[in-house]
Amino acid sequence: MKVYTQEEFDALPVVGEYKQCPTGDYRRISSFGERCSFDEQCSFGEQCSFGERCSFGKSCSFGEQCSFGKSCSFGEQCSFGEQCSFGKSCSFGEQCSFGEQCSFGKVCSFGEWCSFGEWCGFGESCSFGEWCSFGKVCSFGEWCSFEGKHKAKSGYPMICISGVGSENRTTYFFNTEDGIIVRSGCFKGNLAEFRTKVRKDCPLGTEVKAIQYLGFANIVAATWSPEQIEK
């Protein structure tokens, strides 16, 4: 992969107001202007800064503490280090991954299977595709939507419980206008469907897994929807 110097980057052509940047290693460059368009699999170092409306192909990788202006777009499977920051209206393809303490402006959108580290923060009206995963203590602005279409109710929209069941997986609960949405392993549905699934998998109801998951359902109901608590 070609390693670009600042001089070579500055000499890249501009077509339709966008600087055309082929696949390459840009880790020697720390500051990029607005409206750069990068091909797939480009790599960038730490503390890079990009202006507004930059676009990136799939599988690009970025170091820690990179910053991006508003309306930047990213292809699938891009990866970002810790403490990266993004302006409003940025968009991300499927399976992008983010380190801890990344921050996102309003109206950012994420494809399916994106993953976020701990302490990430999201502005208002961000939208998340299906099967995204979140680290601990993430924060969300108002009017975000989860699992591709479910708009969150006001207040903190998510409860996640990790390290239980036979697979030690994380179970996510989202408080949405369509009711409480549950995702656990390959299951996704509402709270009643989640309880039915647990009882089907553990018909005696005395297994540790059943006790755990049915207890989680009551914790979530007590938090968001007390009428759904089961005695």
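In the block above lies the structure referred to throughout.
Residues numbered from 1 in each chain as written. Predicted model: local features only at pLDDT ≥ 70, side-chain atom pairs only at ≥ 80, totals over all residues. Heavy atoms only, no water.

### Topic: the sheet that holds strand β18 (residues 133–134)
Sheet architecture is open: five strands sit in the order β6-β9-β12-β15-β18, paired in parallel fashion. Every other strand in the sheet has two partners, leaving β6 (61–62) and β18 as the edge strands with one partner each. Examined bridge by bridge, strand β9 (residues 79–80) and strand β12 (residues 97–98) share two bridges and lie parallel to one another. Considered in β12, the bridge of Phe80 is made with Phe98. (Pairing = 2+ DSSP bridges. Helix = DSSP H or I, 4+ residues; strand = E, 2+ residues; numbered from the N terminus.)

### Side note on helix α3 (residues 208–224)
The terminal C-alpha atoms of α3 lie 24 Å apart, and with 17 residues this matches the ideal 24 Å at 1.5 Å per residue to within 8%. Turning to α3, its buried residues number three or more, namely Ala210, Tyr213, Leu214, Phe216, Ala217, Val220, Ala221 and Trp224. The buried residues of α3 occupy an angular sector of 150 degrees when projected down its axis, which confines them to one face. Of the exposed residues in α3, those oriented more than 90 degrees away from the buried face are Val208 and Ile211. On its buried face, α3 sits against β22 (158–164), β23 (169–176), β24 (179–184) and α2 (191–201). (Expected span 1.5 Å × (residues − 1). Buried < 20%, exposed > 50% of the residue type's maximum accessible area, 1.4 Å probe, protein only. Arc of directions from axis to C-beta. Contact = heavy atoms within 4.5 Å.)

### Considering the side chain of Thr171
Here Thr171 shows up in strand β23. Beyond its immediate chain neighbours, meaning those up to four positions away, Thr171 contacts Ile159, Cys160, Ile161, Val182, Arg183, Ser184, Phe194 and Tyr213.

### Re the sheet that holds strand β19 (residues 139–140)
Read from one edge to the other, the open sheet built from six strands follows the order β4-β7-β10-β13-β16-β19, with strand pairing classed as parallel. Each having just a single partner strand, β4 (49–50) and β19 make up the two edges of the open sheet. In this sheet, strand β10 (residues 85–86) lies alongside strand β7 (residues 67–68) in parallel orientation, the contact comprising two bridges. Considered in β10, the bridge of Ser67 is made with Ser85.

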